[in-house]
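Okay, here's what each chain looks like letter by letter:
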Amino acid sequence: YMHEGRTGNGTINILTQRYWGRDATPEEMDEIYRAKADVFNQCAEPPQMPGAADILNKVKKSGCTPVLVTGSGQLSLLDRLNKNFPNIFTKDKMVTSFDVKFGKPNPEPYLMGLEKAQIRPWEGFVVENAPLGVEAGSRANIFTIAVNTGPLPDQVLWDAGANLLFPSV
């Protein structure tokens, strides 16, 4: 959970540094990411997060522009988001690992999201469930709402820079 939101290559590199004492080669990153995607795609599809579709529909109906900012580049995940939340996210309003040089906790993904929405930081808000995403939103100077969907203590999300914290969507 502490690495959720980081790009796949960023996570792979942290692990290769930890266990092999060096950066991963581009070939190793591709191979490891492919293997991870294969395992991920064999898993049963998780249930939709309760309340998420309702909130996203309300946000869109209110006139806000939903922008998806994810550290993932896994096409099956992006397809599932479009299936679970139809007509919410469009490709031009997505920031994925394919779009950024620096992933979360760097603010770049959220700054790019602001650009895609054509708004300034004080005109938007971030909803995040992971410490790295909360930190990225906060570092982009965007009001950041944390939703604790995992086993982490609330304080981890507060410490990452959350402006508000909820126990569920």
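In this text the structure is predicted, and so the values were computed from the model without any measurement.

Of the regular secondary structure elements, the protein chain holds seven helices and five strands. Each helix and strand of the protein chain, placed in order from N terminus to C terminus, yields the pattern α-α-α-β-α-β-α-β-α-β-α-β. What you see for the protein chain is a C-alpha radius of gyration of 16 Å, in line with the 15 Å of a compact globule of 169 residues. Projected onto its principal axes, the C-alpha positions of the protein chain cover 50 × 35 × 30 Å. Each of the 169 residues in the protein chain was classed as buried or not, and the buried ones make up 40%. In the protein chain, the proportion of contacts linking residues at least 24 apart, taken out of those at least 6 apart, comes to 51%. Of the accessible surface of the protein chain, which amounts to about 10,100 Å², a share of 57% is contributed by carbon and sulfur atoms.

Per the counting criterion, the structure on display carries zero aromatic pairs. Lying over the aromatic face of Phe40, Lys36 brings its terminal NZ or CZ to 4.9 Å of the ring centre.

Turning next to the pairing of strand β3 (residues 125-128). Of the two faces of β3, only one is covered, namely that formed by Val126 and Glu128; the face formed by Phe125 and Val127 stays uncovered. Here β3 runs beside strand β4 (residues 143-147); their pairing, made up of four bridges, is parallel. Residue pairing for β4: Phe125 is matched across the bridge by Phe143.

Let's shift gears to the packing of helix α1 (residues 8-20) against helix α2 (residues 26-42). Where α1 meets α2, the closest approach of the two axes is 10 Å, and the angle between their N-to-C directions is 110°. Taken together, the axes of α1 and α2 lie roughly perpendicular to each other. Along its contact with α1, which presents Gly8, Asn9, Ile12, Asn13 and Trp20, the element α2 presents Glu28, Met29, Ile32 and Tyr33. For the contact of α1 with α2, the residue count by class is five nonpolar, three polar and one charged.

Attention shifts here to the nonpolar core. Among the nonpolar cores identified, the biggest contains 10 residues, and these are Val69, Val95, Val100, Tyr110, Met112, Leu114, Val126, Ala136, Ala140 and Ile142. Here this core takes three residues from helix α5 (residues 108-117), the largest share from any one element. Apart from residues lying up to four places away in sequence, Tyr110 is in contact with Val69, Lys104, Val126, Val127, Glu128, Gly133, Ala136, Gly137, Ala140 and Ile142. Residues Leu78, Phe85, Ile88 and Met94 belong to the second largest nonpolar core, which totals nine residues.

So, how was this worked out
Residues numbered from 1 in each chain as written. Predicted model: local features only at pLDDT ≥ 70, side-chain atom pairs only at ≥ 80, totals over all residues. Heavy atoms only, no water. Helix = DSSP H or I, 4+ residues; strand = E, 2+ residues; numbered from the N terminus. Rg over C-alpha atoms; globule rule 2.2 N^0.38 Å. Buried < 20%, exposed > 50% of the residue type's maximum accessible area, 1.4 Å probe, protein only. Contact = heavy atoms within 4.5 Å. Areas by Shrake-Rupley, 256 points an atom, 1.4 Å probe, with all protein chains shown as cover. Phe/Tyr/Trp six-rings, centres within 6.5 Å; stacked < 30°, edge-to-face > 60°. Lys NZ or Arg CZ within 6 Å of the ring centre and 35° of its normal. Pairing = 2+ DSSP bridges. Axes fitted to C-alpha atoms, helices over the stretch in contact; angles between N-to-C directions. Parallel < 35°, antiparallel > 145°, perpendicular 65-115°, else oblique. Nonpolar A, V, L, I, M, F, W, Y, C, P; charged D, E, K, R; others polar. Core = buried A, V, L, I, M, F, W, Y, C linked by side-chain atoms within 4.5 Å.

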